[in-house]
Amino acid sequence: MVKSKVYTIRTPERECFVEITQYLQEYLHEIDITNGVLLVFIPHTTAGVTINEHADPSVVRDILTYLKKLVPYRGNYKHLEGNSDAHIKASLVGASLSIPFESKKLLLGTWQGVFFCEFDGPRTRRFIVTATPCDPK
């Protein structure tokens, strides 16, 4: 039986991407599954998770810049907490990912990394990881 693991991270800014690939890879080495699918879930309404390039930090900056243009911090929003933009950005990015793995290694592309996407920080946040076994044959 595989158990989910909850990780806690501290995000440093209101809007930022924090790479979590290393946490996911460490989780795979802790469990008794060699091949399967890893599920990453973000239990927050103002944060998300995505896969994108981790080799060039300008890619993350570009994504954040254009999300800010698409959904500005200040707008004609009705939500009273003042973070409507964060809710919208989290919905656009999404709250979960499924990533295949073989031989306890994530099957990400050469330039890919997994990022926790903060849209209403800085905060202490959580993400949940679980794995489902499968036979690669």
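Residues numbered from 1 in each chain as written. Predicted model: local features only at pLDDT ≥ 70, side-chain atom pairs only at ≥ 80, totals over all residues. Heavy atoms only, no water.

Attention now goes to the nonpolar core. Ranked by size, the top nonpolar core spans 25 residues in total, and within it Leu24, Leu38 and Phe127 carry the most contacts. Mapped by element, the contributors of at least two residues to this core are strand S1 (5-10), strand S2 (16-19), helix H1 (21-30), strand S3 (36-41), strand S4 (47-53), strand S5 (96-102), strand S7 (112-118) and strand S8 (124-133). With residues up to four places along the chain from it excluded, the contact list for phenylalanine 127 reads Lys5, Val6, Tyr7, Ile9, Ile20, Tyr23, Leu24, Val40, Phe41, Ile42, Pro43 and Phe116. Judged by nonpolar contacts, the second largest core, of nine residues, contains Leu64, Phe115, Cys117 and Phe119. (Core = buried A, V, L, I, M, F, W, Y, C linked by side-chain atoms within 4.5 Å. Buried < 20%, exposed > 50% of the residue type's maximum accessible area, 1.4 Å probe, protein only. Helix = DSSP H or I, 4+ residues; strand = E, 2+ residues; numbered from the N terminus. Contact = heavy atoms within 4.5 Å.)

Attention now goes to the state of the cysteines. Within the structure shown, the criterion is met by zero disulfides. A disulfide-free cysteine, cysteine 117 has its sulfur positioned 9.1 Å from the sulfur of cysteine 16, the nearest such atom. (Disulfide = S-S within 2.5 Å.)

Another aspect to go through is the sheet that holds S7. Strands sit in the order S2-S7-S4 across an open sheet of three strands; the sheet is antiparallel. Pairing within the sheet leaves two strands with one partner each, and these edge strands are S2 and S4. Geometrically, the sheet is characterised by an average inter-axis angle of 35 degrees between neighbouring strands, direction not taken into account. Pairing of S4 with S7 involves seven bridges; the strand directions are antiparallel. Its bridge partner lying in S7, isoleucine 51 is registered against valine 114. (Pairing = 2+ DSSP bridges. Axes fitted to C-alpha atoms, helices over the stretch in contact; angles between N-to-C directions.)

This part takes up the environment of glycine 121. In this structure, glycine 121 sits in the loop between S7 and S8. For the pair glycine 121 and lysine 105, spaced 16 residues apart in sequence, the C-alpha to C-alpha distance is 31 Å. Ignoring any residue separated from it by four or fewer positions in sequence, one finds glycine 121 in contact with Thr11, Glu13 and Arg14.

Turning our attention to H1. Restricting attention to buried positions, one finds in H1 the residues Thr21, Leu24, Tyr27 and Leu28. The buried residues of H1 occupy an angular sector of 125 degrees when projected down its axis, which confines them to one face. (Arc of directions from axis to C-beta.)

Right, let's get into the sheet that holds S1. With antiparallel pairing, the five strands of this open sheet are ordered in space as S1-S8-S3-S5-S6. A strand with exactly one partner marks an edge of an open sheet, and here the two such strands are S1 and strand S6 (105-106). Relative to S5, S3 runs antiparallel, the two sharing six bridges. Note on S5: the bridge partner recorded for leucine 38 is isoleucine 99.

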